[in-house]
Amino acid sequence: MSWQSYVDDHLMVDLPGGGKLSSAAIYGQDGGCWAQSAGFPTLDADQAKVLVSGFSDPGSVAAGGLKIGDRKFISIGGIPGECLRGRKVAAGCCVKKTNTAMVIGIYDEGVQGGDCNVIVENLGDYLIGQNI
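Small disclaimer: the values here were computed from a predicted structure and weren't measured. (Residues numbered from 1 in each chain as written. Predicted model: local features only at pLDDT ≥ 70, side-chain atom pairs only at ≥ 80, totals over all residues. Heavy atoms only, no water.)

Draft legend 1. Layout of helix H4 (residues 113-129). In this model H4 runs 24 Å from its N-terminal to its C-terminal C-alpha over 17 residues, within 8% of the 24 Å that 1.5 Å per residue would give. Taken together, the buried positions of H4 are occupied by Gly113, Asp115, Cys116, Asn117, Ile119, Val120, Glu121, Leu123, Gly124 and Leu127. Buried-residue contacts for H4 involve helix H1 (3-11), strand E1 (23-28), strand E4 (71-79), strand E5 (83-88), strand E6 (91-97) and strand E7 (101-107). Of the residues trailing H4, asparagine 131 is marked for its positive phi of about 60 degrees. (Helix = DSSP H or I, 4+ residues; strand = E, 2+ residues; numbered from the N terminus. Expected span 1.5 Å × (residues − 1). Buried < 20%, exposed > 50% of the residue type's maximum accessible area, 1.4 Å probe, protein only. Contact = heavy atoms within 4.5 Å.)

Right, dumping it as structure tokens:
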């Protein structure tokens, strides 16, 4: 299965509470894009470094927020060492760390944050199980 298939077939799908993610991607922890949906904001290498450091030190993203391309979300926690979650008004994001990558989902108004978390974190857990 190609990386693009993971994004298209596992992230950009109908969510249990209705709606879909507005965009999603899989990035290497070095900041390289493995696959992304249309409209995903370009994550630069510096933003990737901040996200990766946020997994081990959540305080490092608490002050500056989660920046994904031109979008910025207030850090609302997550699970230390595993995932980061962000919110901005009715939109938000979830970033799940795997062994070598980050699975990122962004949602807009009309989507429940919990649905985004479940779909992103489930794919991340699957990839971890595959040693990716």
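Draft legend 2. Fine view of the sheet that holds E4. Pairing is antiparallel across the open sheet formed by seven strands, whose spatial order is E2-E1-E7-E6-E5-E4-E3. Looking at which strands have only one partner, the edges of the open sheet turn out to be strand E2 (33-36) and strand E3 (66-68). Averaged over all pairs of adjacent strands, the angle between their axes in this sheet comes to 25 degrees, without regard to strand direction. Note that E6 and E7 share six bridges and pair antiparallel. Following the sheet pairing, valine 95 is matched in E7 by isoleucine 104. (Pairing = 2+ DSSP bridges. Axes fitted to C-alpha atoms, helices over the stretch in contact; angles between N-to-C directions.)

Draft legend 3. How the structure looks around unusual backbone geometry. Positive phi is not limited to glycine here, since valine 89 has a value of about 55 degrees. When you line up the elements, valine 89 lands in the loop between E5 and E6. Classification of valine 89 as exposed rests on a relative accessible area of 77%.

Draft legend 4. Inspection of H1 at higher detail. Every buried residue of H1 is listed here: Tyr6, Val7 and Leu11. Along H1, the residues classed as buried sweep out an arc of 95 degrees about the axis, all on the same side. Here the buried face of H1 lies against E1, E2, E7 and H4. (Arc of directions from axis to C-beta.)

Draft legend 5. Highlighting the packing of aromatic side chains. A complete count under the given rule lists four aromatic pairs for this structure. A ring pair is formed by tyrosine 6 and tyrosine 126, whose centres lie 6.3 Å apart and whose planes are at 40 degrees; its orientation type is tilted. Of this pair, tyrosine 6 sits in helix H1 while tyrosine 126 sits in helix H4, placing them 120 residues apart in sequence. Relative accessible area serves as the criterion here: at 41%, tyrosine 126 is assigned to the partly exposed category. Ring centres of tyrosine 27 and phenylalanine 40 lie 5.9 Å apart, and the angle between their planes is 35 degrees; this geometry places the pair in the tilted category. On the criterion of sequence distance, the pair formed by tyrosine 27 in strand E1 and phenylalanine 40 in the loop between E2 and helix H2 (45-56) is long-range, its members being 13 residues apart. (Phe/Tyr/Trp six-rings, centres within 6.5 Å; stacked < 30°, edge-to-face > 60°.)

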